[in-house]
Amino acid sequence: MPVKALIFDVEGTLFKSKSLTDAYRNQVLKFVSEKTGLDGEALLREVRRVISELRREGYEQRPPSTLIAERLGVTKEEFYSAIDAVDPADHVDPDPELTSVLKELKKSFKLAVLTNLSRKGLTGVLRALRLSEDVFDVVLTADDLEALKPHVSAFIKVVEALGVSPEEAVMVGDIVASDLSPAKSLGMKTVLVSEEQVDSPHVDLTVRHVAELKNKIRLLQ
Ligand SMILES: [Mg+2]
């Protein structure tokens, strides 16, 4: 089936910033600490317990921070108010190469964003990258989703909004369990953005940077 649409995760996929990830995590930890009264070693121990619990449930790479926060008793509203206090511009640099690659891909494919960031968080990230939202035909954020990734309903919603079948869509993400496995279960093709090769039946292609898609996307056609 020919590829008609590319769907991108955002954090770790369109850009990588350890500093932004750390800033998000610190905000959430500060919030959990205020809420539970745990701090220092006790707080870290509780976070580690939740992370190992999620690893046992199949999130072998980084478990999604939304799930970690939920298990720590933080509501969705509280989680986003905590992380949206971070300004991505302090942590993310403009990426002209990303903009030019996406514009190039837009000539042949419909493009979408599927992110667990809030609308506000995504707007901040795109502004920091100096990437116009207009390059995407469909943008779905946590504000638009009833259930966040890895729930399959998020993936069904994005292909429906694009007007393509799952078999005509490629999901591009950096986490196999939350971006690629659910997409694969619906019949989508999958691209992992990673420095390392991950041996998984849910990964069709691995690239180090989204820019490589320009030449490699034909391998999935
Ligand atoms: Mg990601």
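Further up the page is the structure itself.
Computed from a predicted structure; not experimentally measured. (Residues numbered from 1 in each chain as written. Predicted model: local features only at pLDDT ≥ 70, side-chain atom pairs only at ≥ 80, totals over all residues.)

### So, the overall build of the protein chain
When helices and strands are tallied, the protein chain shows nine helices and six strands. Since a compact globule built from 221 residues should have a radius of gyration of about 17 Å, the 17 Å found for the protein chain is in line with a globular shape. Along the first, second and third principal axes, the C-alpha atoms of the protein chain reach 55 × 35 × 30 Å. Considering the protein chain as a whole, with its 221 residues, one finds that 38% of them fall into the buried category. (Helix = DSSP H or I, 4+ residues; strand = E, 2+ residues; numbered from the N terminus. Rg over C-alpha atoms; globule rule 2.2 N^0.38 Å. Buried ≥ 20, exposed ≤ 12 C-beta atoms within 10 Å, placed from the backbone.)

### What about the pairing of strand β5 (residues 189-193)?
Within β5, five of the five residues are buried, which leaves it mostly tucked inside the rest of the structure. Burial of the side chains of β5 extends over both faces: Lys-189, Val-191 and Val-193 are buried on one face and Thr-190 and Leu-192 on the other. Bridge analysis of strand β4 (residues 169-173) against β5 gives four bridges, and the strand direction is parallel. Bridged to Gly-173 within β5 is Leu-192. Across three bridges, β5 lies against strand β6 (residues 205-207) in parallel orientation. Across the sheet, the residue bridging to Val-193 is Val-207, located in β6. (Pairing = 2+ DSSP bridges.)

### Here we look at the packing of helix α1 (residues 18-36) against helix α4 (residues 76-83)
Between α1 and α4, the least distance of the axes is 8 Å, while the angle of their chain directions is 130 degrees. Classified by the angle between their axes, α1 and α4 sit oblique to one another. The way α1 lies across α4 gives a crossing that is right-handed. Facing Tyr-24, Gln-27, Val-28 and Phe-31 of α1, the residues of α4 in contact are Glu-78, Phe-79, Ala-82 and Ile-83. Classifying every residue of the contact of α1 with α4 gives six nonpolar, one polar and one charged. (Axes fitted to C-alpha atoms, helices over the stretch in contact; angles between N-to-C directions. Parallel < 35°, antiparallel > 145°, perpendicular 65-115°, else oblique. Left-handed = near helix turned anticlockwise from the far one by under 90°. Contact = placed C-beta atoms within 7 Å. Nonpolar A, V, L, I, M, F, W, Y, C, P; charged D, E, K, R; others polar.)

### Let's talk about the pairing of β4
The side chains of a regular strand alternate between the sheet's two faces. Along β4, five of the five residues are buried, which leaves the element largely enclosed by surrounding structure. Here strand β1 (residues 5-8) runs beside β4; their pairing, made up of four bridges, is parallel. Residue Ile-7 lies in a different strand from β4, and its bridge partner there is Met-171. The parallel pair β4 and β5, bridged by helix α8 (residues 176-185), forms a crossover whose chirality is right-handed. (Right-handed = clockwise from strand over helix to strand, strands pointing away.)

### Things to note about the nonpolar core
Membership of the largest hydrophobic core comes to 61 residues, with the highest contact counts inside it found for Ile-7, Ala-112, Val-158, Ala-169 and Val-172. Each of domain 1 (5-15 + 93-220) and domain 2 (18-88) gives at least three residues to this core. In this structure Ala-169 touches Ala-5, Ile-7, Val-159, Leu-162, Val-164 and Met-188, once residues within four positions along its chain are discounted. (Core = buried A, V, L, I, M, F, W, Y, C linked by C-beta atoms within 7 Å. Domains from an automatic or database assignment.)

### Remarks on helix α7 (residues 152-162)
Within α7, burial applies to Ala-154, Phe-155, Val-158, Val-159 and Leu-162. Buried residues in α7, looked at end-on, bunch into an arc of 125 degrees, giving them a common side. Where α7 ends, the next residue or the one after it, Gly-163, has phi of about 75 degrees, a positive value. (Arc of directions from axis to C-beta.)

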